[in-house]
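# A structural walkthrough
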Amino acid sequence: MPEKKIQNLTSKELGQELSLNPQYVRDLARLGTIPAKKIGAAWRFDLDKVEAQLERNAAIAVQRSMISSTSTDE
């Protein structure tokens, strides 16, 4: 059975897991780029959900770059 990753990480904890600045993590949450819950003034993150979203975002970026490079090759 796959190991379940920690839920309800703070922005500091998530930043450490992903090697990102905690303020950048909060900015991504505020923009809706990564899934997050806001509890009072604090953000909380589920590492599994964040990693899955970042993988989807990366796949979309690759598709877009392939589309744009194909259209400029003609």
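Preceding this paragraph is the structure being described.
Everything in this summary refers to the structure shown in the same document. Keep in mind that this is a model prediction, so the values were computed, not measured. (Residues numbered from 1 in each chain as written. Predicted model: local features only at pLDDT ≥ 70, side-chain atom pairs only at ≥ 80, totals over all residues. Heavy atoms only, no water.)

## Digging into unusual backbone geometry
Leaving glycine out, the prevailing phi sign among residues is negative, and the prevailing peptide bond configuration is trans. For clarity, the threshold we go by: Each helix corresponds to a stretch of at least 4 residues labelled H or I by DSSP, and each strand to a stretch of at least 2 residues labelled E; elements are numbered beginning at the N terminus. For every residue, the accessible area obtained with a 1.4 Å probe (protein chains only) is divided by the maximum for its type, and the residue is called buried under 20%, exposed over 50%, and partly exposed between those limits.
Its identity is not glycine, yet Asn 8 carries a phi of approximately 60°, on the positive side. With respect to the secondary-structure elements, Asn 8 resides in the segment before α1 (11–18). Accessibility expressed as a relative area gives 39% for Asn 8, which makes it partly exposed. With a phi angle near 60°, Ser 19 is a residue other than glycine that sits in the positive phi range. Mapped onto the elements, Ser 19 comes out in the loop between α1 and α2 (22–31).

## A word on α2
Let me state the cut-off plainly: The arc in question is the one spanned by the directions pointing from the helix axis to the C-beta atoms. By definition, residues are in contact when any of their heavy atoms lie within 4.5 Å. For the purposes of these results, a polar contact is taken to be a pair of N or O atoms within 3.5 Å, where, inside protein, one atom must be able to donate a hydrogen and its partner to accept one; residues adjacent in sequence count only when each atom of the pair is a side-chain atom.
By the burial criterion, the buried members of α2 are Val 25, Leu 28 and Ala 29. Down the axis of α2, the smallest arc covering the buried residues is 100°, so these residues share one side. Residues of α2 that are exposed and point over 90 degrees away from its buried face: Arg 30 and Leu 31. Buried positions along α2 lie against α1 and β2 (42–44). For α2, the N-terminal capping position is held by Asn 21, with its side-chain oxygen 2.7 Å away from the main-chain nitrogen of Gln 23.

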